[in-house]
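In case you want the letters, here they are:
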Amino acid sequence: MKGVGFLVAFVLLALASKLASASDPSPLQDFCVAVNDAKDGVFVNGKLCKDPKLAVPEDFFLQGLNIPGNTSNPVGSMVTPANVQQIPGLNTLGISLVRIDYAPYGGLNPPHTHPRATEILVVVEGTLYVGFVTSNPENRLFTKVLYPGDVFVFPVGLIHFQFNIGHTNAVAFAGLSSQNPGVITIANAVFGSDPAINPDVLAKAFQLDKNIVKQLQSQFWWDNN
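Note that the structure is a prediction, hence the values are computed from the model and not measured.

Trainee: If you had to explain the pattern of salt bridges to someone new, which residues and values would you point to?
Mentor: Enumeration according to the criterion identifies 3 salt bridges in this entry. Of the charged contacts in the structure, one is a salt bridge between Asp-59 and Lys-50, with a shortest N-O distance of 3.0 Å. The shortest N-O distance in the salt bridge between Lys-210 and Asp-200 comes to 3.1 Å. Residue Lys-210 is found in helix H4 (residues 210-224), and its partner Asp-200 is found in helix H3 (residues 199-206); the two are separated by 10 residues along the sequence. Taking relative accessible area as the criterion, Lys-210 reaches 34% and is therefore assigned partly exposed. Using a relative accessible area of 43% as the deciding quantity, one classes Asp-200 as partly exposed.

Trainee: I'd like a description of the pairing of strand S9 (residues 151-154), backed by residues and values.
Mentor: Burial of the side chains of S9 is restricted to one face: Phe-152 and Phe-154 are buried, whereas none of Val-151 and Val-153 on the reverse face is. Of the strand pairs in this sheet, strand S6 (residues 119-125) and S9 are connected by 4 bridges, and their pairing is antiparallel. Among the inter-strand pairings, Ile-120 is bridged to a residue of S9, identified as Val-153.

Trainee: Can you tell me about the side chain of Gln-162, naming the residues and giving the values?
Mentor: Turning to its location among the elements, Gln-162 is positioned in strand S10 (residues 159-164). Among the polar contacts listed, one links the side chain of Gln-162 to the side chain of Tyr-102, at a separation of 2.9 Å.

Trainee: Lay out the sheet that holds S10 with the relevant residues and their values.
Mentor: If you trace the 5 strands from one edge of the open sheet to the other, you get S8-S7-S10-S5-S12, paired in antiparallel fashion. Edge positions in the sheet fall to strand S8 (141-146) and strand S12 (184-185), since each of these pairs with one other strand and no more. Of the strand pairs in this sheet, strand S5 (residues 108-113) and S10 are connected by 3 bridges, and their pairing is antiparallel. The residue bridging Leu-108 from the neighbouring strand is Phe-163, located in S10.

The rules behind these values
- Residues numbered from 1 in each chain as written.
- Predicted model: local features only at pLDDT ≥ 70, side-chain atom pairs only at ≥ 80, totals over all residues.
- Heavy atoms only, no water.
- Salt bridge = Lys/Arg side-chain N within 4 Å of Asp/Glu carboxyl O.
- Helix = DSSP H or I, 4+ residues; strand = E, 2+ residues; numbered from the N terminus.
- Buried < 20%, exposed > 50% of the residue type's maximum accessible area, 1.4 Å probe, protein only.
- Pairing = 2+ DSSP bridges.
- Polar contact = N/O pair within 3.5 Å; in protein donor to acceptor, adjacent residues only side chain to side chain.

Okay, structure coming up:
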């Protein structure tokens, strides 16, 4: 029985370790300001880290999120990030922020996923139709119309979107549970991959004529390259 108890304890510990590694690792020190040059790195914790004694306030600072993003593009939206690439002091802290601007009626943050983060979004201006889709086999759609002050959560890894249904500009801010959440825009990834996915694969997957697939690929490949 002692052997069985030990085995159960070992399995539970292994499962707990796996769950603990499913998000950004906890920091091992107060902060770990990221540096790109190995010769400047002293500690290693996710990325090479600046010696804490050399850290400065600017490592934890970013300005400009009050400036509207340029929505003059095919989807009518612009995402302005504040992650570890812009704020090196975010390294290992497991959090980041984005500002999202949407053009009047039709501004879209297209269906996408964040492979490493849950997102919590708050609307500051305008009216947004938002939603996410659960994983297979249900593929259940959760949607809501949001107004200023409203908050909505997009669970980690699930496809989600925001669409401006108002007749004025819309603005939202979103917090993400990773210093570098990543983003996969579905249409761009599928039709704009480099090199391109075999059109026969996409034609069968989407039940489309092969020529339509090629047309979509030519459009998205051009946009992405």
